[in-house]
There are 2 protein chains.
Amino acid sequence: MSKLETKLAETRQVMNELLDSLLPLPNGREKRVVEAMRYSAISTGKALRPFLTLTVGEMLGTSTQTALRIGAAIELLHTYSLIHDDLPAMDNDTLRRGRPTNHIQFDEATAILAGDALQSLAFEVLASPETHPDATVRTRLVSELARSAGMNGMVGGQMLDLIGETTVLDLSEIERMQALKTGALLWFACMAPALTVQTSSEEREALAQYSRAIGLLFQITDDILDVEGDTTAMGKTLGKDSEAHKSTFVSILGLNKAKSLARSLTERGLAAISIFGKRADMLAETLTFILERKR
Amino acid sequence: MSKLETKLAETRQVMNELLDSLLPLPNGREKRVVEAMRYSAISTGKALRPFLTLTVGEMLGTSTQTALRIGAAIELLHTYSLIHDDLPAMDNDTLRRGRPTNHIQFDEATAILAGDALQSLAFEVLASPETHPDATVRTRLVSELARSAGMNGMVGGQMLDLIGETTVLDLSEIERMQALKTGALLWFACMAPALTVQTSSEEREALAQYSRAIGLLFQITDDILDVEGDTTAMGKTLGKDSEAHKSTFVSILGLNKAKSLARSLTERGLAAISIFGKRADMLAETLTFILERKR
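The structure displayed is predicted, hence computed values, not measured ones. (Residues numbered from 1 in each chain as written. Chains lettered and ligands numbered in written order. Predicted model: local features only at pLDDT ≥ 70, side-chain atom pairs only at ≥ 80, totals over all residues. Heavy atoms only, no water.)

A. Representation of empty space enclosed by the protein within the structure. Using the criterion set out here, one finds one cavity of 30 Å³ or more in the structure. Quantified by volume, the largest cavity comes out at close to 60 Å³. Of all the secondary structure elements, the ones that give two or more residues to the lining of the largest cavity are α6 (108-127) of chain A together with α4 (64-86) and α8 (154-163) of chain B. Sorting elements by how many residues they give to the lining of the largest cavity places α4 of chain B first, with four residues. A breakdown of the residues in the lining of the largest cavity according to their chemical character gives four nonpolar, three polar and two charged. (1 Å grid on protein atoms, 1.4 Å probe; cavity = no way out; pocket = protein on both sides within 12 Å on 5 of 7 lines; lining within 4 Å. Points joined across faces, edges and corners; volume = space filled by probe spheres on them. Helix = DSSP H or I, 4+ residues; strand = E, 2+ residues; numbered from the N terminus. Nonpolar A, V, L, I, M, F, W, Y, C, P; charged D, E, K, R; others polar.)

See below:
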């Protein structure tokens, strides 16, 4: 296991411990919704987003507790989006990370509510003094996560993705869809630590460029895996995009051009973080890891 | 039209203007989700919650802009909950305020996304410096709204409500369901202005008691209207609770005891706010208005 894979596994473990403490089961019968929240949030997922937050945080000198709680808020937000995206009215997925999706394991109503409450909890975590002693920093974190999550971010992107099921999107629309759907939250994962300490505008711009490169790279490699991957290893249903006639980077560019774009995005990401020098080694390794990932 | 009804109508209008400015249509095709958000948020609803925030805010000396933006955040949050509660997997309602529900007017996926983005926007509004100059106040508002909305508040209550469709809830569980489902957000509507200015613990306790009384009163009169009301005047489908064999205050207590409880709750609410003297006249009138409402 590479140093990066070890750190990803450690991030997953420490996130699960924190999420466990943030999701205590109440006594009342409404505990069903908390069980559903825990089922999806405490997971075997890659934890790429909190990993990025922790890694950038270490590089910039953000306190560990601050970075961990930002990471947990991102995981809560991301988990809500996965639960809602899997719903029958959306992507209608039955398998996620090798397990039944939330609405299959529980039911549709509970899954909708679990997603809703996970989103509330993400903001509750960020607003708490335990996340950062300075309230101005906390409100900035809340603002930026809300913006990344909402109509001009993740939700806007999911809307475009759904429109893409019945309408042909062109390349610029696919890029816009990705920038909103997955890019906005990845931007927040990379940028949030920079909001908690003194940083130069050059550093923030470098992190923004890095997050854009990694976001696009992640989507393109996802589209490639949807065509080339193996359902058992991926733990989710594959080939769904082409089956649904969804416009993807692969369907528009073809497999070879998509792969070549992935390589040049990796280069672009590496160039962006060069201003941090050796301190950004782990961020650099992450790009290569995503480029070469099998699952 | 009474002074209170005039003020309710004015609140609705000023809320709609503010919500209109908070929900600009983007250029991209994802504007569909913003159209859906606007369809439900900019409405003819009673605006009871922002009315309470504005009224308590005036009484305590909260600035108008602060109270208006808190009111808008509550309306955004409340609207998201209505859209999601109306979904086929939840209450499966097709009519709301005399118009097709969001998922009927648009589609299920768009309605889920519109609700999700309305929730994000509520927190974005509260975290903005335009809401209050003091960041500590803003993080407190975010924390308390998140708590009121989430698993230990509104969502927990909706979960209990759904469980009550297949299980018989007793009176204490019905009360708990109401306290979570509608009580938590009403608590926030009454309490939020007190978080923005200096208030005594007696004043905050009085507001908390008032909000509990008004919350229970609202639910009981709702249950009574579901049995006695008129679909056309209400603008929503009635008789659904008894049809769904849902446990309600009326089904457990009977109509007469429910009406007598409503009267004693009105007295309890009036007693709670007596410490504010004449300044609380409008809050007192609101209790009577809810007790006697026809729709």
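We are not done yet, so read on.
B. Up close: the relation of the copies chain B and chain A. For the match of chain B to chain A, the screw axis carries a shift of 0.0 Å, the RMSD comes to 0.0 Å, and the turn is 180 degrees. Seen this way, the second copy is the image of the first under a two-fold rotation axis. In this assembly the copies share their binding face: 100% of the residues contributing to the interface of chain B also contribute to that of chain A. (Least-squares fit on C-alpha atoms with pLDDT ≥ 70 in both. Contact = heavy atoms within 4.5 Å.)

C. View of the interface of chain B and chain A. Listed by partner, the interface residues are 55 residues for chain B and 55 residues for chain A. In total, chain B and chain A occlude about 4300 Å² of area from one another, counting both sides; carbon and sulfur atoms represent 68% of this. The three residues of chain B that bury the most area against chain A are Arg 29, Glu 30 and Met 151 of chain B, which together make up 18% of that side's buried surface. The tally of links from chain B across to chain A stands at six salt bridges. In this structure, the salt-bridge partner of Glu 173 of chain B is Arg 29 of chain A, at a minimum N-O distance of 2.8 Å. Contributions of two or more residues to the side of chain B that touches chain A are made by α2 (31-41), α4, α6 (108-127), α7 (135-149), α8 and α9 (171-191) of chain B. Ranked by the residues each element gives to the side of chain B that touches chain A, the list is headed by α6 of chain B, at 13 residues. Of the residues that constitute the side of chain B that touches chain A, the class distribution is 31 nonpolar, 14 polar and 10 charged. (Buried area = accessible area lost by both parts, 1.4 Å probe. Salt bridge = Lys/Arg side-chain N within 4 Å of Asp/Glu carboxyl O.)

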